[in-house]
Amino acid sequence: MNLRIRDFQAGDKEAVDALVREAWLELAPVMPGWHELAPRLTALTQHAADSEVLVAERGGRLIGAVGYVGAHQPRPDFFALEWPIVRLLSVAPFGRGAGVGQRLLDECIARAQRDHAPALALHTTPLMASAQRLYARAGFELERTLPDMYGAPYVLMLKKLNEPTA
């Protein structure tokens, strides 16, 4: 079946929240502050009015979701205001390894290019090794180390876009 990427609709809220929780549950045993992070995993749908939330579905079933937060929208202060950001890229465990994360990330990159952004940013933890490989393959590079969050190390990654040509 074909994978379809579409915009989030209000009726998707419960399914997206459940998908994000399921996708991130693998961090529970390795993230010391899991009990602090878990309640915040609904941020994707809670902030849908301030961002573009995208969902991936196959055969009518949600399989992935991500938030694209445009430049100058609310975000953590370690991101430059002119950078759009990728928020909570999540793929259900049953859908991993089929290119879902890549398609969602590609759509965020396309939206950043549409917006003529100088770069697209995200933050992640090295505890998510497969996500870090995905980001590196997509051209994201380590920008800097961030303070620990939820008892785990975090980094800011940046993909430069729309650079002026000489």
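Residues numbered from 1 in each chain as written. Predicted model: local features only at pLDDT ≥ 70, side-chain atom pairs only at ≥ 80, totals over all residues. Heavy atoms only, no water.

1. Quick look at the overall build of the protein
Next up, step 1: Within the protein one finds five helices and seven strands.
Next up, step 2: Each helix and strand of the protein, placed in order from N terminus to C terminus, yields the pattern β-α-α-α-β-β-β-α-β-α-β-β.
Next up, step 3: The C-alpha extent of the protein, read off along each of the three principal axes, is 45 × 35 × 30 Å.
Next up, step 4: Put simply, the protein has 166 residues, and 49% of those count as buried.
Next up, step 5: Taking the contacts inside the protein whose residues are at least 6 apart along the sequence as the reference set, 64% of them involve residues at least 24 apart.
Next up, step 6: With an accessible surface of roughly 8,600 Å², the protein has 52% of that area assigned to carbon and sulfur atoms.
Next up, step 7: Where the 18 positive side-chain charges of the protein centre and where its 19 negative ones centre are 4 Å apart. (Helix = DSSP H or I, 4+ residues; strand = E, 2+ residues; numbered from the N terminus. Buried < 20%, exposed > 50% of the residue type's maximum accessible area, 1.4 Å probe, protein only. Contact = heavy atoms within 4.5 Å. Areas by Shrake-Rupley, 256 points an atom, 1.4 Å probe, with all protein chains shown as cover. Lys, Arg positive; Asp, Glu negative; His and termini not counted. Charge placed at Lys NZ, Arg CZ, Asp CG, Glu CD.)

2. Thoughts on unusual backbone geometry
Negative phi characterises most residues that are not glycine, and trans characterises most peptide bonds.
Next up, step 1: One non-glycine residue, His72, lies in the positive phi region at around 65 degrees.
Next up, step 2: Unusually for a residue other than glycine, His116 sits at a positive phi of about 55 degrees.
Next up, step 3: Mapped onto the fold, His116 is located in the loop between helix H4 (100-114) and strand S5 (119-124).
Next up, step 4: Note on His116: relative accessible area 65%, which makes it exposed.

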